[in-house]
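# Survey of secondary and tertiary structure
Here is how the chains run, residue by residue.
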Amino acid sequence: MVNVIIGADISTQSNKDIVDAEFCKTLLRDMTPVTDKADFRIANLENVLCEEGTGAPIIKSGPNLYGLPKNISFLNEFKTDCAVLANNHFGDFGDEAIVSTLDILKENKIAKIGGGMNLKEAYEAWYAEKDGMKIAFIAVCENEFGGAKENKPGSAGFDLKLLRDRIVEEKAAADFVVVIFHGGNEYNPVPSPAVIDRYRLIIDCGADALVAMHTHCMQGFETYEGKPIIYSMGNFFFRKMSDKVPEHSPWNFGYLTELHFEKGKDITFDVIPYALIDDGKHLHVLDGEQKEKILAYLDKLSAVIQDRKEVNRLFDAWAYSMRGLARYLAYKPEFEASELPEDVHRTLAPTRNVLSCEAHNHLLTHLLRMEFEGRVSEAKAAMSDLEALKKLPY
């Protein structure tokens, strides 16, 4: 058996000055027994690593994130074999910062997937090989900002045909193919109907497992056609940039996914829940009653995924709660300029994002359809049930 542990979003933006080897040794002390028993470890690096002043923040909607080169200590202490770069922040400071990140990973002998110097490289697989078994990992993200192009560095933006073709190619070369997907609606504990359909379709395309992240809160999981789908693991290490978050906020909780591979058998998995405590200085692996409560909560979220009527009802509530995004649905003639002035460029960024990002696009089209069909009152009625699911069992 080969065991691979996958961790979700890591950003050192808010505490880049203190995240060094000594800090990470204390932060991850509970993780050592977990990482030691795994054969391979993968984690999502959700910011570039570069010296202060490298590159410049791109125009986008949402924050621009970066960390310092010394923050590689987190990946080293986690004993990371492969860093996932397919996310909505890999391109935040332009090409120079991307190159810096790739160089730092290479210097520290950490492989990468989901990002690179061009689209072809970003879609390349990484292989975990042991005891005659070869496991291919491919990483993609929703199409926000910083995506790679044919001759431009960036992340691997989701393209169904391109991903399908890569899965088929890797199925011929490896014993298993695992897709890591960065996407979904942030802060929503229940995946949208479109996300559920998309992840199941990727399994139908030949993937043997799919592990997702991005939502900043935990979501459930399922076994679909014998294949694991992990909908979102919450944050790994991601200090919020705004005011202090209450310790029992969903923001501070997450879980590692441990995949178990045996030739000729379906992949099985375990989840390892943790909480970021001590003012962001300790990732505590939960045990005892705390662990049982979180596992029961995850089982509850997972049960919802199997009830399509309930998923639709709760997504109605989510779409209504996020109706403010509709304010960006405006087209202006000044967008047509061959060279956009910076102020117009910044105005266009949110409009572009709500249309090109799969999660935002689905939310808005769903909201408009719901309003057109006169179902807003039903969505309002479901909001209390959705809010209840956001609350952790503490």
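Note that the coordinates shown come from a computational prediction; the quantities given were computed from them, not determined experimentally.

Turning our attention to the packing of aromatic side chains. Two aromatic rings are characterised by how far apart their centres lie and by the angle between their planes. Scanning all chains against the criterion turns up 17 aromatic pairs. Taking 6.0 Å as the distance between ring centres and 80 degrees as the angle between the ring planes, the aromatic pair formed by F40 and W126 counts as edge-to-face. Here F40 is found in strand β2 (residues 40–45), whereas its partner W126 is found in strand β8 (residues 126–130), with 86 residues between them in sequence. There is no split in this pair, since F40 and W126 are both buried. Here the aromatic rings of F221 and Y255 are separated by 6.1 Å at their centres, their planes lie at 85 degrees, and the arrangement is edge-to-face. Placement of the pair is F221 in strand β13 (residues 221–224) and Y255 in strand β16 (residues 253–261), with a sequence separation of 34 residues. Three or more aromatic residues link up through ring pairs in this structure, and these residues are F23, F74, F78, F236, F237 and Y274. Of note, K134 hangs over the ring of Y127, and the distance from its end group to the ring centre comes to 4.2 Å. Between the NZ or CZ atom of R323 and the centre of the ring of Y320, over which it lies, the distance is 4.0 Å.

Checked against the element boundaries, T26 lands in helix α1 (residues 21–27). For T26, a relative accessible area of 41% puts it in the partly exposed group. In this structure, the C-alpha to C-alpha distance between T26 and K281, residues 255 residues apart in sequence, is 7.4 Å. Those residues in contact with T26, other than ones at most four positions away along the chain, are K281 and H282.

The subject of this paragraph is the layout of surface pockets. Quantified by volume, the largest pocket comes out at close to 640 Å³. Around the largest pocket sit 30 residues that line it, and G62, P63, E186, Y187 and H216 are the ones nearest its centre. Looking at the lining of the largest pocket, the elements with two or more residues in it are α10 (342–356) and α11 (358–372). In terms of residues, the lining of the largest pocket owes the most to one element, α10, which gives three residues. Residue composition of the lining of the largest pocket, by class: 14 nonpolar, ten polar and six charged. Put simply, the second largest pocket is a space of about 480 Å³.

Moving on, we come to the nonpolar core. With 89 residues, the main nonpolar core has I6, F137 and F261 as its most contacted residues. Counting residues per element, this core draws most heavily on strand β9 (residues 133–141), at eight residues. Contact partners of F261, with chain neighbours within four places excluded, come to M1, V2, V4, M133, I135, F137, F176, V178 and I267. Counting residues in hydrophobic clusters, the runner-up holds 39 residues, among them I5, L75, L85 and F93.

Analysis parameters
Residues numbered from 1 in each chain as written. Predicted model: local features only at pLDDT ≥ 70, side-chain atom pairs only at ≥ 80, totals over all residues. Heavy atoms only, no water. Phe/Tyr/Trp six-rings, centres within 6.5 Å; stacked < 30°, edge-to-face > 60°. Helix = DSSP H or I, 4+ residues; strand = E, 2+ residues; numbered from the N terminus. Buried < 20%, exposed > 50% of the residue type's maximum accessible area, 1.4 Å probe, protein only. Lys NZ or Arg CZ within 6 Å of the ring centre and 35° of its normal. Contact = heavy atoms within 4.5 Å. 1 Å grid on protein atoms, 1.4 Å probe; cavity = no way out; pocket = protein on both sides within 12 Å on 5 of 7 lines; lining within 4 Å. Points joined across faces, edges and corners; volume = space filled by probe spheres on them. Nonpolar A, V, L, I, M, F, W, Y, C, P; charged D, E, K, R; others polar. Core = buried A, V, L, I, M, F, W, Y, C linked by side-chain atoms within 4.5 Å.

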